[in-house]
Amino acid sequence: MQFGIFTVGDVTPDPTTGRTPTEHERIKAMVAIALKAEEVGLDVFATGEHHNPPFVPSSPTTLLGYIAARTEKLILSTSTTLITTNDPVQIAEDYAMLQHLADGRVDLMLGRGNTGPVYPWFGQDIRQGINLAKENYALLRRLWREDVVDWEGMFRTPLQAFTATPRPLDGVPPFVWHGSIRSPEIAEQAAFYGDGFFHNNIFWPADHTRRMVQLYRRRFAHHGHGRAEDAVVGLGGQVFMRKNSQDAVREFRPYFDNAPVYGHGPSLEDFTEQTPLTVGSPQQVIERTLSFRETVGDYQRQLFLMDHAGLPLKTVLEQLDILGEEVVPVLRREFAKGRPADVPEAPTHASLLRAVGEVPAA
């Protein structure tokens, strides 16, 4: 099972000091966080994609390419790549290039994003969001799997005898997760192609997450990709930890209360009760995260959101130390207990190569 972190790259004032980091500082902080993730033994670093203030990660491949050059083992991913407003040709070429630079340590999560105005900025209509996601991904798959593509659709100019360059590393495209919080059409899309499904899992109650993942699993089996248990599932989560829960709650409360997304709404106590947000001791985070298996079954990837709401870099790095030293080693052991041997692991470039018979199993 893979463990890692994802960032949305928000530039948010620290409510305890009133200071807002510069864009430069925030970008550099994201790099430092990724390097720390590898240092403490995490498997994955994922970045969002946004094209509006107060966010900075408008070019995920630039950021991930830089991080690839400074890491050795870390899988580099997105959370998410906007399949609706990015051109599929650009995605195919950008992420194949990144795949080569990172020696295969790349996958990506496709989604529609959560910022409505981005659609007209890139010449699209938000009312066509689902249709754009379907058509653009159908083209992206062909661009990665066919050397010469003839294609015509509704939302971009036709392609005639087109070859995307570079070709995917070793002829194997990056693994794709389809990310969604609430759209069953996206769960269906992931199931139809036999791709992974990632549920953000930070805002909605467990029953909603269960229904979305169960839908994906059922449809994965329906489309002939294997058993429901063979479907590849990823979950998000939010945590803030200190040695004891009282200190964690006291320190995190001003950040929660003023966060752009959920601040000035439900109380911290209500939000932690109704969603997967966990603020407390490392043991509480371990217990809450282990409970996710009761909700969705055995799954393959767990990512945590830790650098948001104005938390200073020093605090985030402290959180990563706790995560890597005290939490993830226990989660690895506990999730492995009782996990059936035939439940698949999270795909990697090496495992995808083995699947097509290019290299022998280790």
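Look above for the structure.
Here we summarise the structure given alongside this text. All values reported here derive from a predicted model rather than from experimental measurement.

Rules used in this analysis
- Residues numbered from 1 in each chain as written.
- Predicted model: local features only at pLDDT ≥ 70, side-chain atom pairs only at ≥ 80, totals over all residues.
- Heavy atoms only, no water.
- Helix = DSSP H or I, 4+ residues; strand = E, 2+ residues; numbered from the N terminus.
- Rg over C-alpha atoms; globule rule 2.2 N^0.38 Å.
- Buried < 20%, exposed > 50% of the residue type's maximum accessible area, 1.4 Å probe, protein only.
- Contact = heavy atoms within 4.5 Å.
- Areas by Shrake-Rupley, 256 points an atom, 1.4 Å probe, with all protein chains shown as cover.
- Lys, Arg positive; Asp, Glu negative; His and termini not counted.
- Charge placed at Lys NZ, Arg CZ, Asp CG, Glu CD.
- Core = buried A, V, L, I, M, F, W, Y, C linked by side-chain atoms within 4.5 Å.

**Points about the overall build of the chain**
Helix and strand content of the chain: 13 helices and 13 strands. Here the chain has a C-alpha radius of gyration of 20 Å; the compact-globule value for 362 residues is 21 Å, and the two agree. By residue count, 53% of the 362 residues in the chain fall in the buried class. Long-range contacts, defined here as pairs at least 24 residues apart, represent 71% of the contacts in the chain between residues at least 6 apart. With the model as given, the accessible surface of the chain reaches about 15800 Å², and the carbon-plus-sulfur share is 53%. Placing the 35 positive and 45 negative side-chain charges of the chain at their respective mean positions leaves the two points 3 Å apart.

**Regarding the nonpolar core**
Ile5, Phe45, Tyr216, Phe252 and Leu323 are the most contacted members of the largest nonpolar core, which totals 97 residues. With nine residues, the single largest contributor to this core is helix H12 (residues 313-336). In contact with Phe45, not counting residues within four places along its chain, are Ile5, Thr7, Met30, Ile33, Ala34, Leu63, Leu64, Ile67, Leu74, Ile75, Leu76 and Ser77. Residues Leu82, Val118, Leu132 and Phe155 belong to the second largest nonpolar core, which totals five residues.

**Quick notes on the environment of Gln90**
Topologically, Gln90 is positioned in helix H3 (residues 88-101). Judged by relative accessible area, Gln90 falls into the partly exposed class, the value being 44%. Through-space distance from the C-alpha of Gln90 to that of Thr165 is 9.9 Å; in sequence the pair is 75 residues apart.

Don't take any of this as a statement about function, it's just geometry.
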